[in-house]
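Summary of structural features
Listed here are the chains, written in short residue letters.
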Amino acid sequence: MSRTLPLTIFVLLAALLAFGLRNADTKTQLPSPLIGKAVPAFRLPALFEPQRMVAPDDFLGEPYLVNFWASWCVTCRVEHPVIEQLARSGRVKIIGLNFRDAPEDAKAWLQRFGDPYDLHISDLDGRVSIDFGVYAAPESFLVDPSGRIVFKHLGALTPDIVANEILARVDAMRAKDS
Amino acid sequence: MKRLALLLWLLLAWPLAAQEPLVFDSADQQARFEQLTRELRCLVCQNQSLSDSDAPLAHDLREEILAMLRAGHSDEEIKRFLVDRYGDFVLYRPPVKGNTLLLWLTPLLLLAAGAAVVGFNIRRRGALLTGEDGDSAS
């Protein structure tokens with residue numbers, strides 16, 4: 001027993017470390033305490049119509065995706081084609097929430113990379129992003145027709161996540177409504 | 001030459017000029033602020049506290065915490081505010097509940113396991129020294 005003990009400990013440790021390495025990418029992604037809760041209240045100006053104020057109640061009745069993004073966020077560029085594809089499918093409304101950013105920079109970014117969003121909201125000082133528990137960029141929240149957050153993704157959206165997590169849930173919501 | 005050297009040393013403090021110092025209403029408020037920001041994790045640089053981190057989010061949260069202290073909120077309320085938004089991970093001392101029980105108990109369990117192994121070895125060596133049939137080494 002004492003001869004194989006070091007080997008056993010080594011194997012267990014190796015397994016533990018391998019497990020840790022496999023999960024290294026997602027280790028810093030924290031589960032959101034907002035899942036299942038009502039979307040945080042806010043009243044923010046629309047990016048392209050600053051005199052128009054937007055609030056979550058405006059979107060009740062259908063599911064929508066809130067995508068937190070900024071012009072300084074490099075990963076947002078990586079995610080952009082996936083958002084474009086989702087927008088083209090027309091299956092869910094996509095609202096861009098531009099945070100900790102200057103409106104001119106945001107508009108220039110959209111001009112340069114394209115604008116597939118249904119609506120743009122400005123959270124200049126990032127105060128609303130704190131209410132959403134946003135600590136990285138991009139972050140996306142899927143909200144159901146009654147205004148409850150049902151899914152959150154931290155980091156760039158991928159076709160897999162869109163298909164398996166977002167659209168799957170949207171379809172389920174639509175099926176429940178009909 | 002010495003003055004130039006002194007000037008160069010002083011310039012090392014330049015980065016501090018970029019951060020506006022926070023103004024506190026009282027020493028007690030400052031103490032509470034420092035205690036709180038040391039106990040809360042920066043989620044951007046997850047190995048730093050809110051007190052240490054330079055991340056924009058940490059800066060914003062420090063301002064938010066100060067605003068809440070000024071408005072008369074208790075330490076518990078401030079921690080609750082952050083936990084509601086970011087989860088238990090933002091606290092350096094997570095609450096003891098179901099899913100953190102293992103986190104809290106593992107050091108104790110490992111200590112107990114280590115003590116058991118040591119105790120077992122001591123007994124085994126004791127048995128070997130006195131010999132199986134009671135004869136001591138001669």
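The paragraphs below set out a description of the structure included in this document. Note that the structure is predicted; figures quoted are calculated from it, not measured.

Bringing the overall build of chain A into the picture now. The helix and strand inventory of chain A stands at 5 helices and 7 strands. For chain A, the C-alpha radius of gyration of 20 Å lies well beyond 16 Å, the compact-globule estimate for 178 residues. Each of the three principal axes of chain A carries a C-alpha extent, and together these read 75 × 40 × 30 Å. Looking at chain A as a whole, 45% of its 178 residues qualify as buried. Within chain A, contacts between residues at least 6 apart in sequence are counted, and of these 73% link residues at least 24 apart. In the form shown here, chain A has an accessible surface area of approximately 9,500 Å², with 58% of it arising from carbon and sulfur atoms. Separation between the mean location of the 19 positive side-chain charges and that of the 21 negative ones in chain A comes to 7 Å.

Here the focus is the interface of chain A and chain B. Each partner contributes residues to the interface: chain A has 13 residues there, and chain B has 14 residues. Contact between chain A and chain B buries roughly 1,200 Å² in total, counting both sides, with carbon and sulfur atoms accounting for 57%. Run the count over chain A and chain B and you get 3 salt bridges. Among the salt bridges present, the one from Arg85 of chain B reaches Asp131 of chain A, with a minimum N-O distance of 2.9 Å. Linking chain A to chain B there are 4 residue pairs in polar contact (both at pLDDT 80 or more).

Residues and elements named next belong to chain A. The final tally for this structure, using the stated rule, is 11 aromatic pairs over all chains. Note on Phe42 and Phe132: the rings are 6.3 Å apart at their centroids and 45 degrees apart in plane angle, and the pair reads as tilted. With Phe42 in the loop between helix H1 (5–22) and strand E1 (44–45) and Phe132 in the loop between helix H4 (127–131) and strand E6 (139–143), this pair connects stretches of sequence that are 90 residues apart. The buried category is assigned to Phe42, whose relative accessible area is 11%. We classify Phe132 as buried; its relative accessible area is 0%. Taking 5.7 Å as the distance between ring centres and 70 degrees as the angle between the ring planes, the aromatic pair formed by Phe68 and Phe141 counts as edge-to-face. Of this pair, Phe68 sits in strand E3 (residues 64–69) while Phe141 is found in strand E6, placing the two residues 73 residues apart along the sequence. On the basis of relative accessible area, Phe141 is assigned to the buried category, the value being 0%. Three or more aromatic residues joined by ring pairs make a cluster, and in this case those are Phe42, Phe68, Trp72, Phe99, Phe132 and Phe141.

With that out of the way, let us pick up the packing of helix H3 (residues 27–39) of chain B against helix H5 (residues 75–86) of chain B. Residue and element names in this part refer to chain B. Contact pair H3 / H5: the axes reach a minimum separation of 11 Å and the direction vectors enclose 35 degrees. When the axes of H3 and H5 are compared, the crossing they make is right-handed. Along the contact surface, H3 presents Arg32, Leu36 and Glu39, while H5 presents Asp75, Ile78 and Lys79. When its residues are assigned to classes, the contact of H3 with H5 shows 2 nonpolar, no polar and 4 charged.

So, about the pattern of salt bridges. When the charged atoms of two side chains lie near each other, side chains of opposite charge can form a pair. For the structure shown, the criterion picks out 16 salt bridges over all chains. Note that Arg169 of chain A and Glu165 of chain A form a salt bridge whose closest N and O atoms lie 2.7 Å from each other. Taken together, the residues span about one helical turn, with Arg169 of chain A and Glu165 of chain A both in helix H5 (residues 159–177) at a distance of 4 residues. The class for Arg169 of chain A is partly exposed, based on a relative accessible area of 29%. A relative accessible area of 30% places Glu165 of chain A in the partly exposed class. Residue Arg38 of chain B is joined to Glu34 of chain B by a salt bridge in which the shortest nitrogen-to-oxygen separation is 3.8 Å. Here Glu34 of chain B and Arg38 of chain B lie together in helix H3, a separation of 4 residues that amounts to about one turn. Residues joined by salt bridges that share partners form a network here, namely Arg127 and Asp131 of chain A together with Glu64 and Arg85 of chain B.

Residue and element names in this part refer to chain B. A full pass over the atoms with the stated rule returns 1 disulfide over all chains. For the unlinked cysteine Cys42, the closest cysteine sulfur is that of Cys45, found at 4.4 Å. Looking at Cys42, the relative accessible area reads 1%, which means it is buried.

The rules we used
- Residues numbered from 1 in each chain as written.
- Chains lettered and ligands numbered in written order.
- Predicted model: local features only at pLDDT ≥ 70, side-chain atom pairs only at ≥ 80, totals over all residues.
- Heavy atoms only, no water.
- Helix = DSSP H or I, 4+ residues; strand = E, 2+ residues; numbered from the N terminus.
- Rg over C-alpha atoms; globule rule 2.2 N^0.38 Å.
- Buried < 20%, exposed > 50% of the residue type's maximum accessible area, 1.4 Å probe, protein only.
- Contact = heavy atoms within 4.5 Å.
- Areas by Shrake-Rupley, 256 points an atom, 1.4 Å probe, with all protein chains shown as cover.
- Lys, Arg positive; Asp, Glu negative; His and termini not counted.
- Charge placed at Lys NZ, Arg CZ, Asp CG, Glu CD.
- Buried area = accessible area lost by both parts, 1.4 Å probe.
- Salt bridge = Lys/Arg side-chain N within 4 Å of Asp/Glu carboxyl O.
- Polar contact = N/O pair within 3.5 Å; in protein donor to acceptor, adjacent residues only side chain to side chain.
- Phe/Tyr/Trp six-rings, centres within 6.5 Å; stacked < 30°, edge-to-face > 60°.
- Axes fitted to C-alpha atoms, helices over the stretch in contact; angles between N-to-C directions.
- Left-handed = near helix turned anticlockwise from the far one by under 90°.
- Nonpolar A, V, L, I, M, F, W, Y, C, P; charged D, E, K, R; others polar.
- Disulfide = S-S within 2.5 Å.

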